[in-house]
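Each chain is listed here by its residues.
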Amino acid sequence: MTAPELEAPTDPRGPRPLVGAVRRHPTLVAALACLVSFAAFWVVQRLAHVSMIDLMVYRAEGWTARNGEDLYDMVATSAHLPNTYPPFAALLFIPLTFFGVGTMRTLATAGNLVLLVAVVHLSLRLVGRPRRLPRPAATLALSALLVWCEPVWTTLRYGQINLLLAVMVLWDLTRRDGNRWAGIGIGIAAGIKLTPALFVVFLALAGAVRAGRMLRSGADRRAAWNPWLRQAAVATGTFCATVLLSAIALPRDSHRFWTQIVFAADRVGEVEITANQSLRGALARLLHTDTPGTAWLALAALTAAAGLALAAGSLLRGQRSWATLACAATALLVSPISWSHHWVWGVPMLILLGSEALENTGAAARRWWAVTAVMGLMFCSFALWWVPHRWHQHAELHQNGGQMLLSAVYPLAGLTLLALAAVRLRRLTRRDARGGAGGPGDTGADSGGDGTGTGPRQAAVAGDI
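Structure report, in brief.

Procedures and definitions
- Residues numbered from 1 in each chain as written.
- Predicted model: local features only at pLDDT ≥ 70, side-chain atom pairs only at ≥ 80, totals over all residues.
- Heavy atoms only, no water.
- Phe/Tyr/Trp six-rings, centres within 6.5 Å; stacked < 30°, edge-to-face > 60°.
- Helix = DSSP H or I, 4+ residues; strand = E, 2+ residues; numbered from the N terminus.
- Buried < 20%, exposed > 50% of the residue type's maximum accessible area, 1.4 Å probe, protein only.
- Expected span 1.5 Å × (residues − 1).
- Patch = residues over 30% accessible without salt bridge, like charges linked within 9 Å, V, L, I, M, F, W, Y side chains within 5 Å.
- Areas by Shrake-Rupley, 256 points an atom, 1.4 Å probe, with all protein chains shown as cover.
- Salt bridge = Lys/Arg side-chain N within 4 Å of Asp/Glu carboxyl O.
- 1 Å grid on protein atoms, 1.4 Å probe; cavity = no way out; pocket = protein on both sides within 12 Å on 5 of 7 lines; lining within 4 Å.
- Points joined across faces, edges and corners; volume = space filled by probe spheres on them.
- Nonpolar A, V, L, I, M, F, W, Y, C, P; charged D, E, K, R; others polar.
- Lys, Arg positive; Asp, Glu negative; His and termini not counted.
- Charge placed at Lys NZ, Arg CZ, Asp CG, Glu CD.
- Axes fitted to C-alpha atoms, helices over the stretch in contact; angles between N-to-C directions.
- Parallel < 35°, antiparallel > 145°, perpendicular 65-115°, else oblique.
- Left-handed = near helix turned anticlockwise from the far one by under 90°.
- Contact = heavy atoms within 4.5 Å.

**Quick notes on the packing of aromatic side chains**
Now for step 1: A complete count under the given rule lists 12 aromatic pairs for this structure.
Now for step 2: Between Phe41 and Trp148 the ring centres are 5.3 Å apart and the planes differ by 70 degrees, which places this aromatic pair in the edge-to-face class. Of the two residues, Phe41 sits in helix H3 (residues 26–47) while Trp148 sits in the loop between helix H7 (135–146) and helix H8 (150–158), which places them 107 residues apart along the sequence.
Now for step 3: Ring geometry for Phe239 and Trp258: centres 6.1 Å apart, planes at 85 degrees, overall edge-to-face. Placement of the pair is Phe239 in helix H13 (residues 227–249) and Trp258 in helix H14 (residues 251–259), with a sequence separation of 19 residues.
Now for step 4: The class of Phe239 is partly exposed, set by a relative accessible area of 21%.
Now for step 5: An aromatic cluster is present here, built from Tyr72, Phe239, Phe257 and Trp258 joined pairwise through their rings.

**Describing the environment of Gly128**
Now for step 1: Here Gly128 lies in the loop between helix H6 (101–127) and H7.
Now for step 2: Placed 46 residues apart in sequence, Gly128 and Thr174 show a C-alpha to C-alpha distance of 10.0 Å.

**Side note on helix H18 (residues 346–359)**
Now for step 1: Look at H18: 20 Å from first C-alpha to last across 14 residues, which is about the 20 Å you get at 1.5 Å a residue.
Now for step 2: Most of H18 is tucked away, with 12 of its 14 residues classed as buried.
Now for step 3: When we look at burial in H18, the residues that qualify are Gly346, Val347, Pro348, Met349, Leu350, Ile351, Leu352, Leu353, Gly354, Ser355, Glu356 and Ala357.

**Focus on a nonpolar patch on the surface**
Now for step 1: A surface patch of nonpolar side chains, amounting to about 310 Å² of accessible area, comprises Phe98, Phe99 and Leu107.
Now for step 2: By secondary structure assignment, the location of Leu107 is in helix H6.

**Some points on the layout of surface pockets**
Now for step 1: Roughly 640 Å³ of volume is contained in the second largest pocket.
Now for step 2: Lining the second largest pocket we find 27 residues, and of these Leu124, Ala138, Leu142, Leu358 and Trp369 sit closest to its centre.
Now for step 3: Only H3, H6, H7, H18 and helix H19 (362–380) provide two or more residues apiece to the lining of the second largest pocket.
Now for step 4: Tallying contributions element by element places H7 first for the lining of the second largest pocket, with six residues.
Now for step 5: Its residues assigned to classes, the lining of the second largest pocket shows 20 nonpolar, four polar and three charged.

**Focus: the environment of Gln231**
Now for step 1: Tracing the backbone through its elements, the reader meets Gln231 in helix H13.
Now for step 2: The class of Gln231 is buried, set by a relative accessible area of 7%.
Now for step 3: Between the C-alpha atoms of Gln231 and Leu173, which are 58 residues apart in sequence, the distance is 9.2 Å.

**Examining a positive patch on the surface**
Now for step 1: Together, Arg366, Arg367, Arg426, Arg427, Arg430 and Arg434 line one region of the surface with positive charge.
Now for step 2: At the level of elements, H19 and helix H21 (409–435) are the ones that each hand at least two residues to the positive patch.
Now for step 3: At four residues, H21 tops the list of elements feeding residues into the positive patch.
Now for step 4: Residue position: Arg426 is located in helix H21.

**A word on unusual backbone geometry**
Now for step 1: Residue Pro130 is reached from Arg129 by a cis peptide bond, and omega for that bond is -5 degrees.
Now for step 2: Within the element layout of this structure, Pro130 appears in the loop between H6 and H7.
Now for step 3: A positive phi angle, near 65 degrees, is found at Thr77, a position not held by glycine.
Now for step 4: Counting through the fold element by element, Thr77 comes out in the loop between strand E1 (75–76) and strand E2 (81–82).
Now for step 5: Taking the relative accessible area as the measure of exposure, Thr77 reaches 30% and is therefore partly exposed.
Now for step 6: Even without being a glycine, His288 presents a positive backbone phi close to 55 degrees.
Now for step 7: By relative accessible area, which is 40% here, His288 ends up partly exposed.

**Here's the deal with the packing of H3 against H6**
Now for step 1: Look at H3 against H6: their axes get within 12 Å of each other, and the N-to-C directions meet at 140 degrees. The orientation of H3 with respect to H6, classified from their angle, is oblique. When the axes of H3 and H6 are compared, the crossing they make is right-handed. Contacts between H3 and H6 involve Phe38, Phe41, Trp42 and Arg46 from the first element and Arg105, Thr106, Thr109, Ala110, Leu113, Leu116 and Val117 from the second.

**So, empty space enclosed by the protein**
Now for step 1: Under the counting rule described, the total for this entry stands at two cavities of 30 Å³ or more.
Now for step 2: By volume, the largest cavity amounts to about 190 Å³.
Now for step 3: Leu165, Thr195, Pro196, Leu332 and Trp345 are the residues nearest the centre of the largest cavity, which is lined by 14 residues in total.
Now for step 4: Within the residue set of the lining of the largest cavity, elements represented by two or more residues are helix H9 (162–173) and helix H17 (320–334).
Now for step 5: When grouped by side-chain class, the residues that make up the lining of the largest cavity number nine nonpolar, four polar and one charged.
Now for step 6: Counted as a void, the second largest cavity has a volume near 90 Å³.
Now for step 7: Lining the second largest cavity are 16 residues, with Leu173, Asp177, Trp228, Gln231 and Arg320 sitting closest to its centre.

Here you go:
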């Protein structure tokens, strides 16, 4: 045996070709894993005979708008589902009428899988990850895993548009502050479905606080017109443009929606059913009533105020990822109806928590990994469907304590994220007070190099939790 052979390092576990392949070609291996996972997912969905019932409702809305009929008198499918979206959405659904049902379903499934990859990519950009791997490799590997989360499964099962809305919002909130067109995605998303409009309120609130600080420090009004205010203004203008376009194209439907339908929260479905993963749904099941009324309004108002304060405060401290997901959790919690598939925001939430775990070592890392694992079980275990549930049977009004916990799994996940955001913000504030220096929000600079709010300050606080 030659000297070089004697000196060569040996692996006691023997050769590991798979590990070597991953190290040499991480993106290729991740792409293959993603392809296999997506193919298995597609096969399982077909074997489960998924109905894609919401996609059929979208198509019916497109037909109704195309033919000039009444959008809010129509019902679609054998379940007699009504239209609940703003009329702008119906205009966007018109192209669905140009495809056969089979082709439309195939395109919707493929499109949603592509959108999942986009959500994962934008979520990684939001948290400033990965640091060593190529981002395409991390994106594809995580997509292969997260496609099996219940909100993603249910989104594709029904042919929903939740991933598209999340991409629009994340695309806006991961752009650099100086981008003059940032806000268009949020405005369009709000025009399709009103819930994303809370992101406009969050940006306006943070921008107003920042402007006030700058004016008090002696800056002129032009300097106080900061990127967050501009982004909120662009989003608002875009949303108003969707309303105006709808009013021109569908005047009767627009008038009816904004004067009647928008206030009919119960039109969407039964409040207490397990699929409703909002605070209102959880409270209805807790109180054994389908009309939680004043109790829900008070709880929703308190949650909205706290959630917006946390989101704005986190953004002002340079924690853009936490700010974005605190706002998303708040919107889902306070909405009258948040179906389980609306919680596709669980994908970026899990990526954020995993990023915090990677940011730390020792006991702090173990705590973050534990939180990530628990949240992963919440979103991937399908636990909310373990309880008795049946449409129009009101079984959820008779749940015991354990069943109530299982059927409130996503509200609990959202509240957990807000609690973690509150702890981080409190410790950031204390640290700034001890140091006598203002946070990144005082100067408008994020602590991360790519404008995402991930940096040394975030890492220091993460280690304390």
